[in-house]
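Here is what each chain is made of, one letter per residue.
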Amino acid sequence: VLERGSSVGGLAAGIVRNGFSFDYGPHRFHTPEPRLERFFTDLFPDGAWLVPRRKSEIQLVGRRFAYPLELGDVMRKLDLADNVRAFADYMVSALRRAFSRPAEKSFEDWVINRFGRTLYDLYFGPYTEKLWGLSSRDISPDWAAQRISLVSLFDVLRRLLAAGSGPDPRTYAREFLYPEAGIGELPRRLAARAEAGGAEIRLNAEVAGLEAAAGGFTVTVRREGGTPYRESAAAVISTLPLAELVRRLEPAPGSDVHEAARGLRSRAVVFLHLALDGGTPTDNHWIYFPEPGHLFNRTSEPVNFSPKLAPPGCSSLTAEVSCGEGDRLWRMNEEGLFRSVLWGLTQVGLVKKSPRRWFVTRQPHAYPIYDRGYEGRLEACLDCANRHPGLLTTGRQGLFRYGNMDHALVMGAKAALALLGKLDRAEAQAVGTEKEYFG
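Residues numbered from 1 in each chain as written. Predicted model: local features only at pLDDT ≥ 70, side-chain atom pairs only at ≥ 80, totals over all residues. Heavy atoms only, no water.

Colleague: Which residues make up the packing of aromatic side chains, and what are the values?
Modeller: What characterises a pair of aromatic rings is the spacing of the ring centres plus the angle enclosed by the ring planes. Throughout the structure, instances matching the rule amount to 23 aromatic pairs. Between the aromatic rings of Y367 and Y402, the centroid separation amounts to 5.4 Å while the plane-to-plane angle is 65°, which identifies the pairing as edge-to-face. With Y367 in strand 16 (residues 357–368) and Y402 in the loop between helix 15 (395–398) and helix 16 (405–419), this residue pair connects regions lying 35 residues apart in the sequence. A single burial state applies to Y367 and to Y402, both of which are buried. Joined through ring pairs, the aromatic side chains of Y67, Y90, F115, Y123, F124, Y127 and Y288 make up one cluster. Of note, R17 hangs over the ring of F359, and the distance from its end group to the ring centre comes to 4.1 Å. One cation-aromatic arrangement involves R362 over W330; the distance from NZ or CZ to the ring centre is 6.0 Å. (Phe/Tyr/Trp six-rings, centres within 6.5 Å; stacked < 30°, edge-to-face > 60°. Helix = DSSP H or I, 4+ residues; strand = E, 2+ residues; numbered from the N terminus. Buried < 20%, exposed > 50% of the residue type's maximum accessible area, 1.4 Å probe, protein only. Lys NZ or Arg CZ within 6 Å of the ring centre and 35° of its normal.)

Colleague: Tell me about helix 13 (residues 334–347), and please be specific about residues and values.
Modeller: One turn of the α-helix equals 3.6 residues, which is why residues spaced by three or four share an orientation. The terminal C-alpha atoms of helix 13, which comprises 14 residues, lie 20 Å apart, in line with the 20 Å expected from a rise of 1.5 Å per residue. Among the residues making up helix 13, those that are buried are L337, F338, V341, L342, G344 and L345. Take helix 13 and look down its axis: the buried residues cluster within an arc of 160°, on one side only. When the buried face of helix 13 is taken as reference, the exposed residues oriented beyond 90 degrees from it are R339, W343 and Q347. The inward-facing, buried residues of helix 13 abut strand 12 (266–277), strand 14 (298–300), strand 15 (314–323) and strand 16. Two or three places before E335, at the opening of helix 13, N333 has a side-chain oxygen 2.9 Å from that residue's backbone nitrogen. G349 sits one or two residues past helix 13 and shows a positive phi near 85°. (Expected span 1.5 Å × (residues − 1). Arc of directions from axis to C-beta. Contact = heavy atoms within 4.5 Å. Polar contact = N/O pair within 3.5 Å; in protein donor to acceptor, adjacent residues only side chain to side chain.)

Colleague: Give a detailed account of the packing of helix 10 (residues 255–263) against helix 14 (residues 374–386), specifying residues and quantitative values.
Modeller: Taken N-terminus to C-terminus, the directions of helix 10 and helix 14 make an angle of 125°; their axes are 8 Å apart at the nearest point. In terms of their interaxial angle, helix 10 and helix 14 are classed as oblique. As for how helix 10 packs across helix 14, the hand of that crossing is left-handed. Between helix 10 and helix 14, the contacting residues are V257, A260, A261 and G263 on the first element and R377, A380, C381 and C384 on the second. (Axes fitted to C-alpha atoms, helices over the stretch in contact; angles between N-to-C directions. Parallel < 35°, antiparallel > 145°, perpendicular 65-115°, else oblique. Left-handed = near helix turned anticlockwise from the far one by under 90°.)

Colleague: How would you sum up the sheet that holds strand 5 (residues 63–66)? Please name residues and give values.
Modeller: One open sheet holds the seven strands; their spatial order is 5-4-13-14-15-12-16, and the pairing between them is mixed. Edge positions in the sheet fall to strand 5 and strand 16, since each has one partner strand and no second. Neighbouring strand axes in the sheet, compared pairwise and without regard to direction, differ in orientation by 25° on average. Judged from the nine bridges that link them, strand 12 and strand 16 form a sheet pairing that is antiparallel. Counterpart to R267 in the pairing with strand 16 is Y367. (Pairing = 2+ DSSP bridges.)

If you want it as structure tokens, here you go:
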């Protein structure tokens, strides 16, 4: 196993500094499949895992709202004028969809057709454009369909009349599984199980080239501070970002495929991690900040996931700044980033005194960008990789698909079965394509 990073796990790797443990933003494991839940718990025979009950909010107009949005909570906290507009827009949209199928060419269309213009203008539009750096009109509706929780009109009215009581909306998971030592413990235990079975895992080993020839592949590996070397392989499972895989392939694909690869872009994230004295700022796992006045678009509080992620009497916080790799925010001086983000965190009441420590991390491929027309570019790149029988691209980056952690596990298992000839390649690469909510 060739791993470009200094630890296993990629986006799910853990970061430990001075007794504080951090994730790359909020991670949680949940699945509707009992066998996958058993797979997770079997990795922890010592019982070192928790079942937190999700709590997340959005900060808007100086107030915090439950997320996924609950109409009763919105109505209690918005002022009267916004309330009337939001409820009227929601009802009109729900009734329109009950009798017709409005056109949906963009994220904006999808949201307005389900929530109305007022809630779109207040939250969905600003947050989405802040996260992606694109107009919502340029984002595919595919993103909304799998990332926004949707309740039926009946659910909304029932919960309103019951003042928010009753069971949770059936379209999102309230409880989730989480390792006591942080999400990075999951890939660490998977790696230990693989090594016990005879696998060799090489860290800081970047794949710089992949040459396909009759009977197999030659992989060029670059290690930090070392001379590049070459490995032979009968078959390859790749979780490289799909566009990078296409660029590294030899013989080189045609110019049309290279053009498609250039169009498959990812959104990067810069993380500011703060070690704090005292208790957690709130009881949330994470909070969204859609308004443009704050540099960060989301915060998370690790100790609310597991109390073992900070020393006794301490807490921690991670703030995420969405950006493009190489842009102004990506290149911002760390001290300047710290001061700008800290000012914003102080303004919203999350930090009341200077942190005891802080550091910055970066992830260049955090989210595949589902801009309009991405489907054709994705198909061209997948077809290019799939022309090689012994090469199977998979994973969030390898399939350019924003799934959850349970999807990633299934992708890995099915990729292995496909390589052994026990499963069709198309089925192995279809994980996470279902038209359902993945939040």
